[in-house]
Amino acid sequence: MKLDVVITFYKNNSLLEQTLQSLCNQTWQEFNIYLVCDGGCDILDLKHAYANMKILKCDLHVGPYRLVNVVSQYFQSEYFAIQDADDISLNNRFAVSMHECHQNNLDLFGCAIQNFDDTNESNNSVLKPVSNLQINAYPLGKQSLLLPHPGIIFKKSFFEQLNGYTDVFCAADTEISSRFFWAGANIGSTDEVLVHRRMHANQLTRSDRTGRNSALRKNIISTFQNVMQTYPQYKNNIQYLKQFGDMEKNRHEIKLYEYTNRTF
């Protein structure tokens with residue numbers, strides 16, 4: 001019973017070592033790591049060689065969602081986890097997540113996440129998912145967040161049925177959770193905090209280019225709002241909902257290469 005873990009990063013991420021160490025500290029160790037450089041990384045300098053880790057790179061800077069679409073073709077396991085390159089997974093994250101996924105045959109699983117900021121101790125809010133009791137009755141709206149994305153576990157087969165993420169640079173997390181929901185996915189969650197999300201200026205949600213106030217994000221969300229309004233009309237119609245994913249397109253257009261320029 002294994003898990004694939006995908007980490008995408010841009011340039012020489014100084015926080016990457018802490019993230020990888022949090023995976024090494026997991027109580028449940030049956031997983032493979034796919035570390036993917038999102039363009040612009042000349043030398044990957046890691047202090048340690050991590051077991052069961054495949055390092056890939058994309059010459060273009062295409063964003064994390066497109067990279068997950070592409071790298072998912074290499075996954076060997078029934079489930080895969082999203083791990084942001086600047087976040088910390090608590091040591092029981094995978095043990096709790098995989099128990100829930102297999103016990104309940106879930107297609108999508110999420111946990112609570114706690115924000116932390118190295119420069120602001122007050123920024124430690126907890127973001128909880130919709131509870132298991134509420135999921136099936138949850139009125140997903142234009143900007144509803146079903147599960148906090150940094151703690152998500154996907155069933156690979158359902159992800160592929162829905163053709164993965166849509167083809168955007170940022171803000172695709174709410175859309176794919178909504179599409180899973182309307183496609184009839186078996187979704188589960190826990191209120192337990194299993195991931196610590198680091199808050200900093202270069203996050204996709206806070207940077208000048210892709211942050212909440214950026215023109216790029218506002219345009220993408222506006223498009224999503226219009227598209228997502230059609231989803232309830234096609235409940236459980238996977239063929240209709242599949243068209244909003246772009247995994248097949250991304251796999252055809254984006255090439256990944258083995259990363260060889262690294263030091264340990």
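Given the structure is predicted, the values throughout are model-derived calculations rather than measurements.

Calculation rules
Residues numbered from 1 in each chain as written. Predicted model: local features only at pLDDT ≥ 70, side-chain atom pairs only at ≥ 80, totals over all residues. Heavy atoms only, no water. Helix = DSSP H or I, 4+ residues; strand = E, 2+ residues; numbered from the N terminus. Contact = heavy atoms within 4.5 Å. Polar contact = N/O pair within 3.5 Å; in protein donor to acceptor, adjacent residues only side chain to side chain. Buried < 20%, exposed > 50% of the residue type's maximum accessible area, 1.4 Å probe, protein only. Pairing = 2+ DSSP bridges. Core = buried A, V, L, I, M, F, W, Y, C linked by side-chain atoms within 4.5 Å. Phe/Tyr/Trp six-rings, centres within 6.5 Å; stacked < 30°, edge-to-face > 60°. Lys, Arg positive; Asp, Glu negative; His and termini not counted. Salt bridge = Lys/Arg side-chain N within 4 Å of Asp/Glu carboxyl O.

## Brief notes about the environment of Gln29
Then step 1. Summarising the element assignment, Gln29 is placed in the loop between helix H1 (16-24) and strand E2 (31-38).
Then step 2. Gln29 sits 65 residues away from Phe94 along the chain, and the two C-alpha atoms are 8.1 Å apart.
Then step 3. With residues up to four places along the chain from it excluded, the contact list for Gln29 reads Leu23 and Cys24.
Then step 4. Engagement of the side chain of Gln29 in a polar contact is seen with the backbone oxygen of Gln26, the distance being 2.8 Å.

## Some remarks on the pairing of strand E1 (residues 3-9)
Then step 1. When you tally the buried positions in E1, you get 7 out of 7 residues, the bulk of the element.
Then step 2. For E1 and E2, the ladder comprises 7 bridges, and the chain directions are parallel. Bridge pairing in E2 places Asp4 opposite Asn32.
Then step 3. One ladder, built from 4 bridges, connects E1 with strand E5 (residues 79-82); its direction is parallel. Within E5, the position partnered with Asp4 by the bridge is Phe80.

## Thoughts on the nonpolar core
Then step 1. Of all hydrophobic cores here, the largest spans 47 residues; its most connected members are Phe154, Phe159, Tyr165 and Phe180.
Then step 2. Within the residue set of this core, elements represented by two or more residues are E2, strand E4 (53-58), helix H2 (64-71), E5, helix H5 (156-161), helix H6 (173-182), helix H7 (215-228) and helix H8 (238-242).
Then step 3. Examining the composition of this core, we find that 5 residues originate from one element, H2, more than from any other.
Then step 4. Core analysis: the next-biggest nonpolar cluster, separate from the first, contains 28 residues, Phe31, Phe94, Cys101 and Tyr259 among them.

## Structural notes on the packing of aromatic side chains
Then step 1. One pass over the structure, following the stated rule, counts 15 aromatic pairs.
Then step 2. Plain terms: the ring middles of Phe31 and Phe94 are 5.3 Å apart, the flat faces sit at 70° to each other, and that makes the pair edge-to-face. One end of the pair, Phe31, is in strand E2; the other, Phe94, is in helix H3 (residues 93-103), with 63 residues separating them in the sequence.
Then step 3. Assessed through its relative accessible area of 5%, Phe31 is described here as buried.
Then step 4. Taking relative accessible area as the criterion, Phe94 reaches 0% and is therefore assigned buried.
Then step 5. Here Phe181 and Trp182 contribute two aromatic rings whose centre-to-centre distance is 4.8 Å and whose plane-to-plane angle is 85°, an arrangement assigned as edge-to-face.

## Comments concerning the side chain of Arg197
Then step 1. As for its position among the elements, Arg197 is in strand E10 (residues 187-198).
Then step 2. At 5.8 Å, Asp87 is the nearest oppositely charged side chain to Arg197, a buried residue that forms no salt bridge.
Then step 3. A distance of 2.9 Å separates the side chain of Arg197 from the side chain of Asn115, its partner in a polar contact.

Fair warning: the whole summary comes from geometry, so function is off the table for now.
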